[in-house]
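# Summary of structural features
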Amino acid sequence: MEEQLEEQREELNELLAIRRSKLQALYEAGIDPFGEKFERTHYAQDIIDNFDSLEGQKTVIAGRLMSFRTHGKASFSDLMDSSGRIQLYLRIDTMGEEAYRFATELDIGDIVGVSGTIFRTKRGQISVEVETLKLLAKSLRPLPDKWHGLKDVDLRYRQRYVDLIVNPEVREVFRKRSKIIQCLREFLNERGFIEVETPMLNTIAGGANARPFVTHHNALDMDLYMRIAPELYLKRLLVGGFDKVYEIGKNFRNEGISTKHNPEYTSCEIYQAYGDANDMMKLTEEIFAHIAQEVVGSTKIVFQGQEIDLTPPWPRKPMLEAIREYAGVDLTGLTDEQARQLAKEKRLAVPENATYGQIVEEFFDEFVEPRLIQPIFITDHTVEVSPLAKRKKDNPNLTDRFEPFIVTWEVANGFTELNDPIDQEERFRKQMEQRDKGDEEAHMMDSDFIRALEYGMPPAGGLGIGIDRLVMLLTDSPSIRDVLLFPHMRPR
RNA sequence: GAGCCAUUAGCUCAGUCGGUAGAGCACCGGACUUUUAAUCCGGGUGUCCCGCGUUCGAAUCGCGGAUGGCUCACCA
C-alpha cells in the first residue's frame, strides 16, 4: 500500500514522465527500446590504447551514453563501457537526417551500440565518428549530477548500480577485490592446496566465538545455524586425508555492524597437515606480500596516508610481552584474582567473574592493539581464549597461536591445530561452562568433531584471513562497506 | 545498544531574525557542423525525512520517531 502510493507519486515526477513518454514514442515508431544481442569489435579503452594503429579504421562499440554536447547539425557524446569512456562524434552528414535526429533525442543513461570510424578531433580527442547507432536499452531514470556524481553514502550503498555507473573509482575497488581473491587462489593452488566447500547451514555453529544467525528448515522442521566459521569442517578433511585445503566463503555473525564489521563477511581458511603455526605465519607474510605486489605493484602500500611495509618477515611478539611493553604490566602466570586486581588498578572495565585469559585480552585490546600499525604477529594467546589451538610445549596455559595486526586491525588468525581429542573435549566443556554462565559467544560442543579427532588428525597449522579487511587495506578503503558491493542496510 | 551530527528539486548543495524556498548540473523549448563541466536565449520541475506541538504564521523553535554517517560498546 505504502509502496503503491510511493510509486504513484514517482509517476508524477516530471523527469520520469518525460522518459516514459519517450519510451511510448519509440514503441509507436516501431522501435524496440530494449534491443538485443550486439556484437562489438572493441572496448573503449582498446581504441584509446591502440589509437595509432586503429586511426581511420571501422569499429563497433557499445555502452551507456554519459553526456551530450549538441551543436545543431553535429554533436558529441561520451559513451561508457566496462573498460572506460570514449567520445562519439555524431554528424548529420554522416548519419543522415533521420538517424541523426533519433540519436540526438536519446537520453543520458541510454545504452546504445554504434558503428563508426576511429579518428582524432581538432582538439586531439580520440573519438568515433558514428555511422550507425542502435538503441539497446532505454533508460527511464535520470542519472546523478555528471560532475558531483552520487555522494549520499546511503544511496550509494542501497543503489550500488547507480554508484557503479557514476563513480568509476568504485568499480576499480571491486575489480581489485576480484583480483585479490584470484591471486590468493592462484597462490594456494600453486602450492598444492585444494579448494573445498563446506556447509553454511550448520546444526552446530562452531569454529569461532560468535553469535550465529538461526534459520529454519521446513521439510525437516528443524532450526539450523548459518555458519560462523568453516574451521571444524576443514579439520575433518585433514582427518580424512586431505593434506592442504582451503575454503574462501562467507561467514555469518549475528553481531554489531560497524566500519569493520558486516553481518556476512568473507574469510579464507587454510589448513596444512604436518605443519604448525610457524609455517602458517610464513604463509601469511608471503600471501600478503604476494597479493600486494600483484595488485598494488609493491609490498609497500599506503593506507589512509600512512605507508605500510608488508615486506616479509614481519616481527613476532608474544602477547604478554607486548602487554608488558605497551601497558607496563606483567601478567605472566597470574591467577584470575590477581589479574582482576591489576585490571582494576589500570581502570579496565572487566566482568566480576572475568578469567585470566579474558583479562589478558582486555589489556591487549586496550593498550596494545591501537598501537600496532606496521605488520606484526602477536603470538602465544592464552588457552582460555583459544579453545581450538594447541598448547605450547613449555607452557600449557598458552597456545601456539598468532594474530597478524596491520593498521590496528586483526587481519588474520592462526595456530597450531589442537589434534588431541581428549584435550579438545575438555576445552569444549570449559566453553560450555562459559555458555551456561551466559556467554552466548562461547563455543558449542561438537561431539562429531571430537569423534573425528579420535580417528587421528595429523599435526597441522591453520590460518584464517579476513578477506574484506585485506581488500580494505589494499584499496585504501576506511570502511568495510566500501569493499562490499551490497553491504547490509536496514530496509527503507 | 549509547552519544554527537545529518536529512531541502532527479543529483550536488545554499537558505539570514520564524513570514509557504533558491543555485549549479540534469530536464523541457529555441539557436549553433570539432565540442569536452561546450556556449547563448527562455522555462523551477518541491510531501523542505515523518508525526505531534508552540505560534497569527514553521524548512527554521520544542518533543517523539525513521534512516544514514562518525565515535564508543561487541566482534573478525
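This text goes with the structure placed above it.
The following paragraphs examine the structure supplied in this document. Just so it is clear, the structure is predicted and the values come from calculations on it, not from any experiment. (Residues numbered from 1 in each chain as written. Chains lettered and ligands numbered in written order. Predicted model: local features only at pLDDT ≥ 70, side-chain atom pairs only at ≥ 80, totals over all residues. Heavy atoms only, no water.)

## A short note on the nonpolar core
Core analysis: the largest hydrophobic core is formed by 46 residues, its most contacted members being Ile-270 and Ile-287. Going through the elements one at a time, helix H9 (168-190), strand S10 (244-252), strand S11 (264-273), helix H11 (277-295), strand S12 (300-303), strand S18 (401-406), strand S21 (460-466) and helix H17 (467-475) are the ones with two or more residues in this core. Residues within four places of Ile-287 in sequence aside, it is in contact with Leu-184, Phe-187, Leu-188, Ile-270, Leu-463 and Ile-465. Judged by nonpolar contacts, the second largest core, of 25 residues, contains Leu-88, Ile-92, Ile-118 and Val-130. (Core = buried A, V, L, I, M, F, W, Y, C linked by side-chain atoms within 4.5 Å. Buried < 20%, exposed > 50% of the residue type's maximum accessible area, 1.4 Å probe, protein only. Helix = DSSP H or I, 4+ residues; strand = E, 2+ residues; numbered from the N terminus. Contact = heavy atoms within 4.5 Å.)

## A short note on the pattern of salt bridges
All told, the structure shown has 32 salt bridges when counted by the stated rule. Between Asp-330 and Arg-324 there is a salt bridge, and its shortest N-O distance comes to 3.6 Å. With relative accessibility at 40%, the residue Arg-324 sits in the partly exposed group. (Salt bridge = Lys/Arg side-chain N within 4 Å of Asp/Glu carboxyl O.)

## Some thoughts on the sheet that holds strand S2 (residues 74-81)
What the 5 strands build is a closed barrel, ordered S1-S2-S3-S5-S4; its pairing is mixed. Sheet twist, expressed as the mean angle between neighbouring strand axes with direction ignored, is 55°. Where S2 meets strand S3 (residues 84-91), 8 bridges bridge the pair, whose relative direction is antiparallel. By the bridge assignment, Leu-79 is partnered in S3 with Ile-86. (Pairing = 2+ DSSP bridges. Axes fitted to C-alpha atoms, helices over the stretch in contact; angles between N-to-C directions.)

## As for the sheet that holds strand S7 (residues 201-202)
The 3 strands lie next to each other as S7-S9-S8, forming an open sheet whose pairing is antiparallel. The outermost strands of the open sheet, each flanked by one partner alone, are S7 and strand S8 (214-217). Strand direction decides the pairing type here: S7 and strand S9 (residues 222-226), joined by 2 bridges, are antiparallel. Directly across from Leu-201, in S9, lies its bridge partner Met-226.

## So, unusual backbone geometry
The omega torsion across Pro-312 and Pro-313 is -5°, close enough to zero to call that bond cis. Along the chain, Pro-313 falls in the loop between strand S13 (306-309) and strand S14 (316-318). Positive phi outside glycine occurs at Asp-380, with the angle close to 65°. Its place among the elements puts Asp-380 in the loop between strand S15 (376-379) and strand S16 (391-392). In this model, Asp-476 sits at a positive phi of 55°, which is unusual for a non-glycine residue. When you line up the elements, Asp-476 lands in the segment after H17.

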